[in-house]
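The chain contents come next:
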Amino acid sequence: MIPTAKYTKSDQQIYQKTKKYLERKKETHMEEKMKLVENILEIQELEKRYSYLYDFICDYLDQEFQKKDICGFHCGICKRRRDMITRKILKDTYGNGCCYSYLKGKTCEYLEPKNGCRIKNIACKIFTCFYLRRQGYRYHVKDIYFARYFFNSRQLFYMENTFFVDKPVILEGIMKRR
Ligand code: SF4
Ligand code: SF4
């Protein structure tokens, strides 16, 4: 239980709701998980708190996609595009997954050949194409326990649907939608 005097009413609600959510899902390592939520709640300044959460969500998604090899890149070609090759869907290129836009006929300007994406965008990180969704891969920020109760629905929609811009732009948008 967090010391109530130290936290605002809404922060106490975030804490309690997260705890109940984890209990409902019968999660393990509850103490560790709630400690992380406490650490986030320790950050009083709202913009700093959002910034910390933003980085944490990005790291979580990077690890999740890597650990499960969700896009299954091999020699620069992802699962979905390999499927297109198998089904003989003719395209000018199959490389770079959805960082290459068939609509624009070019690769995203932020993609670096050796290091991958050079910006931090949650929408790009959380996106899964129809091919992956059919396999059950679908992600939402509200399903990530430590972030679930920190954002309102406008902020969540904005974060998950604003692609190809870097963290400072998204943070500004999050602050505006409080
Ligand atoms: S989301 Fe789909 S199209 Fe985009 S990189 Fe992953 S598998 Fe490829
Ligand atoms: S901004 Fe999105 S589309 Fe562009 S390189 Fe990064 S992940 Fe790919």
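Caption draft 1: Fine view of the site of ligand 2. Taken together, Cys99, Cys108, Tyr110, Leu111, Cys117, Ile119, Asn121, Cys124, Phe163 and Phe164 make up the full set of residues adjacent to ligand 2. Tallied by class, residues from the shell around ligand 2 come to 9 nonpolar, 1 polar and no charged.

Caption draft 2: Highlighting the environment of Val141. If you trace the backbone, Val141 turns up in the loop between helix H6 (130-134) and helix H7 (153-161). Overall, Val141 belongs to the buried group, with 21 C-beta atoms counted inside 10 Å. Residues Val141 and Ile57, spaced 84 residues apart in sequence, show a C-alpha to C-alpha distance of 7.8 Å. Leave out the neighbours within four places in its chain, and Val141 touches Ile57, Ile126, Ala147, Phe151, Leu156, Met159 and Glu160.

Caption draft 3: Local environment of the environment of Tyr52. By the secondary structure assignment, Tyr52 is in helix H3 (residues 46-67). For Tyr52 and Ile40, which are 12 residues apart along the polypeptide, the C-alpha to C-alpha distance reads 7.6 Å. Beyond its immediate chain neighbours, meaning those up to four positions away, Tyr52 contacts Ile40 and Ile43.

Caption draft 4: Looking closely at the site of ligand 1. In the vicinity of ligand 1, the contacting residues are Cys71, Cys78, Lys79, Arg80, Arg81, Gly97, Cys98, Phe127, Thr128, Cys129, Tyr131 and Leu132. Mapped onto the shell around ligand 1, the elements with two or more residues apiece are helix H4 (79-86) and H6. Per element, the largest residue contribution to the shell around ligand 1 is 3 residues, and it comes from H4. Taken together, the residues of the shell around ligand 1 break down into 7 nonpolar, 2 polar and 3 charged.

Caption draft 5: Quick peek at unusual backbone geometry. Even without glycine at this site, Cys75 takes up a positive phi of about 50°. By secondary structure assignment, the location of Cys75 is in the loop between H3 and H4. Positive phi, normally seen in glycine, also occurs at Lys88, with a value near 55°. Among the structural elements, Lys88 can be located in the loop between H4 and strand E1 (100-101).

Caption draft 6: The arrangement of helix H1 (residues 9-24) in detail. Its 16 residues place the ends of H1 22 Å apart at the C-alpha level, agreeing with the 22 Å of an ideal helix rising 1.5 Å per residue. Taken together, the buried positions of H1 are occupied by Asp11, Tyr15 and Thr18. For H1, the angular spread of the buried residues around the axis is 70°, confining them to a single face. H1 presents Lys9, Ser10, Gln13, Lys20, Glu23 and Arg24 as exposed residues on the side facing more than 90 degrees away from its buried surface. Immediately beyond the C-terminal end of H1, within one or two residues, lies Lys26, with a positive phi of roughly 50°.

Caption draft 7: Spatial organisation of the nonpolar core. With 11 residues, the main nonpolar core is built from Tyr50, Ile57, Ile122, Ile126, Val141, Ala147, Phe150, Phe151, Met159, Ile170 and Ile174. Leaving out residues up to four positions away in the same chain, Tyr50 has contacts with Leu171, Ile174 and Met175.

Caption draft 8: Just the packing of H7 against helix H8 (residues 167-176), in detail. Packing of H7 against H8 brings their axes to within 9 Å, and their N-to-C directions diverge by 160°. On the basis of the axis angle, H7 is roughly antiparallel to H8. Between H7 and H8 lies a crossing of right-handed hand. Along the contact surface, H7 presents Gln155, Tyr158 and Met159, while H8 presents Ile170, Gly173 and Ile174. Per-class residue counts for the contact of H7 with H8 are 4 nonpolar, 2 polar and no charged.

Calculation notes
- Residues numbered from 1 in each chain as written.
- Chains lettered and ligands numbered in written order.
- Predicted model: local features only at pLDDT ≥ 70, side-chain atom pairs only at ≥ 80, totals over all residues.
- Near = placed C-beta within 6 Å.
- Nonpolar A, V, L, I, M, F, W, Y, C, P; charged D, E, K, R; others polar.
- Helix = DSSP H or I, 4+ residues; strand = E, 2+ residues; numbered from the N terminus.
- Buried ≥ 20, exposed ≤ 12 C-beta atoms within 10 Å, placed from the backbone.
- Contact = placed C-beta atoms within 7 Å.
- Expected span 1.5 Å × (residues − 1).
- Arc of directions from axis to C-beta.
- Core = buried A, V, L, I, M, F, W, Y, C linked by C-beta atoms within 7 Å.
- Axes fitted to C-alpha atoms, helices over the stretch in contact; angles between N-to-C directions.
- Parallel < 35°, antiparallel > 145°, perpendicular 65-115°, else oblique.
- Left-handed = near helix turned anticlockwise from the far one by under 90°.

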